[in-house]
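The lines below spell out each chain.
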Amino acid sequence: MFQRLSRAGLTLTRRTIYPRRHISSTSRLSADPWPLPHTPEHLASTNTPSDVAPPTPLPRPNETVDTLRARLVYQSRKRGTLESDLLLSTFARDNLSTMSEAEMMEYDKMLDEPDWDIYYWSTGKRTPPERWANSPLLEKLRVHARNEGKVVRKMPPL
């Protein structure tokens, strides 16, 4: 659609442009860049290769039990994904006060693992590696993740 405008003896042409709509059925354009947890796309994209060595924990000489407990509470809360934050922070709130020092050291090693691996191991969507397969700590975390009491969980205060 063209319109002619005349101003001060000049003739201008203006074209009305309608926005183009691109409709495509290709999977590249319609694929979700952020798939939801528990979907096959998310499970595939967050898989840690099996040939990756377990992470080496940082040495923390002379760390007291109280400092260790406080650090584990913080690390359980500040993971990077909301799902892991909620699961691990409520687990820490409910269990860290009764854990022995050896159990807390094992929990510290578990927190060095990738977030999505811990999350999917605890929800039963992935098989844990051999180093965690028979862990009583992971079994406690699985019981916590099942939430058989149907408790409404929210982030605990720091």
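Refer to the preceding data block for the structure.
Residues numbered from 1 in each chain as written. Predicted model: local features only at pLDDT ≥ 70, side-chain atom pairs only at ≥ 80, totals over all residues. Heavy atoms only, no water.

A.B. asks: Before we move on, can you summarise the overall build of the chain with the specific residues and values?
C.D. replies: On a plain count of helices and strands, the chain comes out with eight helices and two strands. In the chain, the succession of α and β elements from N to C terminus is β-β-α-α-α-α-α-α-α-α. Per-residue burial for the chain yields a buried fraction of 28% across its 158 residues. Taken as a whole, the chain presents about 11600 Å² of accessible surface, with 56% of it coming from carbon and sulfur. (Helix = DSSP H or I, 4+ residues; strand = E, 2+ residues; numbered from the N terminus. Buried < 20%, exposed > 50% of the residue type's maximum accessible area, 1.4 Å probe, protein only. Areas by Shrake-Rupley, 256 points an atom, 1.4 Å probe, with all protein chains shown as cover.)

A.B. asks: So what about the packing of helix 5 (residues 101-111) against helix 8 (residues 136-146)? Which residues, and what values?
C.D. replies: Running from amino to carboxyl end, helix 5 crosses helix 8 at an angle of 75°, the nearest separation of the two axes being 10 Å. Between helix 5 and helix 8, the angle is such that the two are roughly perpendicular. From helix 5, Glu103, Glu106, Tyr107 and Met110 reach across to helix 8, where they touch Pro136, Leu137, Leu138, Lys140 and Leu141. Split by residue class, the contact of helix 5 with helix 8 holds six nonpolar, no polar and three charged. (Axes fitted to C-alpha atoms, helices over the stretch in contact; angles between N-to-C directions. Parallel < 35°, antiparallel > 145°, perpendicular 65-115°, else oblique. Contact = heavy atoms within 4.5 Å. Nonpolar A, V, L, I, M, F, W, Y, C, P; charged D, E, K, R; others polar.)

A.B. asks: Quick one: what's the story with helix 5, residue by residue and with numbers?
C.D. replies: Those residues of helix 5 lying buried are Met104, Tyr107, Asp108, Met110 and Leu111. Looking straight down helix 5, one finds that the buried residues subtend no more than 160° of arc, so they occupy a single side. (Arc of directions from axis to C-beta.)

A.B. asks: Can you explain the environment of Thr64? Please cite residues and give values.
C.D. replies: Within the secondary structure, Thr64 sits in the loop between helix 2 (40-45) and helix 3 (65-77). Of the residues examined, Thr64 reaches a relative accessible area of 44% and is grouped as partly exposed. Counting along the chain gives 37 residues from Thr64 to Glu101, while the straight-line C-alpha distance between them is 9.7 Å. Only 2.7 Å separates the side chain of Thr64 from the side chain of Thr67, close enough to count as a polar contact. (Polar contact = N/O pair within 3.5 Å; in protein donor to acceptor, adjacent residues only side chain to side chain.)

A.B. asks: Tell me what's going on with helix 3, and back it up with residues and numbers.
C.D. replies: With 13 residues, helix 3 should cover 18 Å at 1.5 Å per step; its first-to-last C-alpha distance of 18 Å lies within 8% of that length. Three or more residues of helix 3 are buried, namely Leu68, Arg71, Leu72, Ser76 and Arg77. Check the buried side of helix 3 and you find it contacts helix 4 (82-95) and helix 5. (Expected span 1.5 Å × (residues − 1).)

A.B. asks: Talk me through the side chain of Arg126; I want residue IDs and the actual numbers.
C.D. replies: Looking at the element boundaries, Arg126 is found in the loop between helix 6 (115-123) and helix 7 (130-133). Look past the residues within four positions of Arg126 in its chain and what remains in contact with it is His42, Leu43, Thr46, Asn47, Trp116, Asp117, Tyr120 and Trp121.

A.B. asks: Report on unusual backbone geometry, specifying residues and quantitative values.
C.D. replies: The phi torsion of most residues other than glycine is negative, and most of the peptide bonds are trans. You will see that His38, though not glycine, has its phi angle at about 75°, which is positive. Of note in the backbone geometry, Asn147 takes a positive phi value of approximately 50° without being a glycine. You can see Asn147 is positioned in the segment after helix 8.

A.B. asks: Describe the packing of helix 4 against helix 6, and please don't skip the residues or the numbers.
C.D. replies: Any two packed helices are characterised by how steeply their axes cross, that is the angle between the axes, and by the distance between the axes. Running from N to C, helix 4 and helix 6 point in directions that differ by 60°, and their axes come no closer than 9 Å. Taken together, the axes of helix 4 and helix 6 lie oblique to each other. The two elements helix 4 and helix 6 cross, and the hand of that crossing is left-handed. Together, Glu83, Ser84, Leu87 and Leu88 of helix 4 and Asp115, Trp116, Ile118, Tyr119 and Ser122 of helix 6 make up the contact between the two elements. Of the residues assigned to the contact of helix 4 with helix 6, the class counts are five nonpolar, two polar and two charged. (Left-handed = near helix turned anticlockwise from the far one by under 90°.)

A.B. asks: How would you sum up the side chain of Arg79? Please name residues and give values.
C.D. replies: Following the sequence through the fold, Arg79 ends up in the loop between helix 3 and helix 4. Looking at Arg79, its side chain comes within polar contact range of the main-chain oxygen of Glu113, at 3.3 Å. With sequence-adjacent residues up to four places away left out, Arg79 is seen in contact with Ser84, Asp85, Leu88, Leu111, Glu113, Asp115 and Ile118.

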